[in-house]
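Here is what each chain is made of, one letter per residue.
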Amino acid sequence: MAEFDLIAQYFTRPALAGASAADLGVGDDAALISVTAGHQLAISADMSVSGTHFFADADPYAIGWKAMAVNVSDMAAMGANPKWATLAIALPEIDAGWLSAFSQGLFACADSYAVSLIGGDTTRGPLNIAINIFGEVPLGKAIRRDRAQAGDDIWVSGTLGKAALWLQQRLGKLDLHAEDVAELAPAMHLPQPRVALGLALREIAHAALDISDGLLADLSHILQASAKGASLDWALLPKPQLRHSQLADSVIQQAVLTGGDDYELCFTAAPEQREQLLALAHTLALPLSRIGSVTQAPGLTVRHGETAIELSQKGYVHFD
């Protein structure tokens, strides 16, 4: 199959109703888009590599969903409305069944968040998926990493550690009950970007990001950018509830604090916003947990009662 036939068959379709159509999309040397007046363009990119970000035998639908979802999550973290994306994909061979399922997953996620695929590239090579995403945010309203303030509450959405526990099971490092594995799997394969939350946080949060490499590693980015520290309370963190498996506290701590692949939002906000945030959690039907506070003094500590939790690694390391 020729490159342009592949693109036409699997990655070209009419614009979805409600999605942001490009002025010129797939089929030319570049796409053309018009940005809404009074808005800034938010741009992000993520790469998914076989053997690093997903197993070679993973469900191609889930690969497609997650490849798009991790990019949409970056828009959510900035308080940006996701609108357009491009896809560059290297394929070792043309596998019609794989491509059909992959594109279905990719577009299912894109459609869920009204994102239009407006261009990209294909080539032969080891399986590698690179997506650029573009969104809009009102001028001056983007939620940045460098605005955390001493005394801020630190919040996270959803539950942390599910994807990490599933991965440890898949690697043979845990022996979980089959029903628990099934409960954990969606967090790993079909993460749900928190776009509605991100948009609502524009007027509430001081700083935010999404959790991809682990809570401690990613929160450290906010602290470094803001020249602040933080203190977390282990008892307040939202942890996986396993119904059939017993795990050591250290395993749960490692998964929740450093496991990554959560794609939940971590953000800081003034204590005066607590009631508004709890009301927002109810409106969105999304748990929001206040897990600690920002400190003026540098450093990041996690306390379990009177004891500090010590971990050798704060999160996923891309190059070690």
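None of the values given here were measured: they were computed from a predicted structure.

A. The sheet that holds strand E8 (residues 265-269), seen in detail. Strand order in this open sheet of 7 strands is E6-E8-E5-E9-E7-E10-E11, and the pairing throughout is mixed. Two strands close off the open sheet at either side, each with one partner strand: strand E6 (207-210) and strand E11 (307-308). The pairing of strand E5 (residues 153-157) with E8 spans 4 bridges and is classified as antiparallel. Residue pairing for E8: Ile-154 is matched across the bridge by Thr-268. Packed onto the sheet, helix H2 (residues 60-78) meets E6 and E8 and runs at close to 175° relative to E6.

B. Main features of the UniProt feature "domain: PurM-like C-terminal" (unreviewed entry) in the protein. Mapped onto the present numbering, the UniProt feature "domain: PurM-like C-terminal" (unreviewed entry) falls at residues 149-304. Structurally, residues 149-304 comprises 38% helix and 21% strand, and the distance from its first C-alpha atom to its last is 24 Å.

C. View of helix H9 (residues 274-284). Inspection of H9 places Leu-277, Leu-280 and Ala-281 among the buried residues, and these make up the whole buried set. Taken end-on, H9 shows its buried residues confined to a sector of 105°, consistent with a single buried face. Exposed residues lying more than 90 degrees from the buried face of H9 are Glu-275, His-282 and Thr-283. Contacts from the buried residues of H9 go to E5, helix H6 (195-200), E8 and strand E9 (288-295). Just beyond H9, the residue with positive phi is Ala-285, at close to 55°.

D. Structural context of the sheet that holds strand E1 (residues 39-49). The strand order across the open sheet formed by 4 strands is E1-E4-E2-E3, and the pairing between neighbours is mixed. Where the open sheet ends on each side, the last strands, each with one partner, are E1 and strand E3 (116-124). With direction set aside, neighbouring strand axes in the sheet form an average angle of 15°. Pairing of E1 with strand E4 (residues 128-138) involves 11 bridges; the strand directions are antiparallel. Opposite Ala-42, over in E4, you have Gly-135 as the bridge partner. Contacts from H2 reach E1, strand E2 (81-91) and E4 within the one sheet, and its direction differs from that of E4 by about 30°.

Calculation rules
Residues numbered from 1 in each chain as written. Predicted model: local features only at pLDDT ≥ 70, side-chain atom pairs only at ≥ 80, totals over all residues. Heavy atoms only, no water. Pairing = 2+ DSSP bridges. Helix = DSSP H or I, 4+ residues; strand = E, 2+ residues; numbered from the N terminus. Contact = heavy atoms within 4.5 Å. Axes fitted to C-alpha atoms, helices over the stretch in contact; angles between N-to-C directions. UniProt positions renumbered as here; feature names shortened; annotations may be inferred. Buried < 20%, exposed > 50% of the residue type's maximum accessible area, 1.4 Å probe, protein only. Arc of directions from axis to C-beta.

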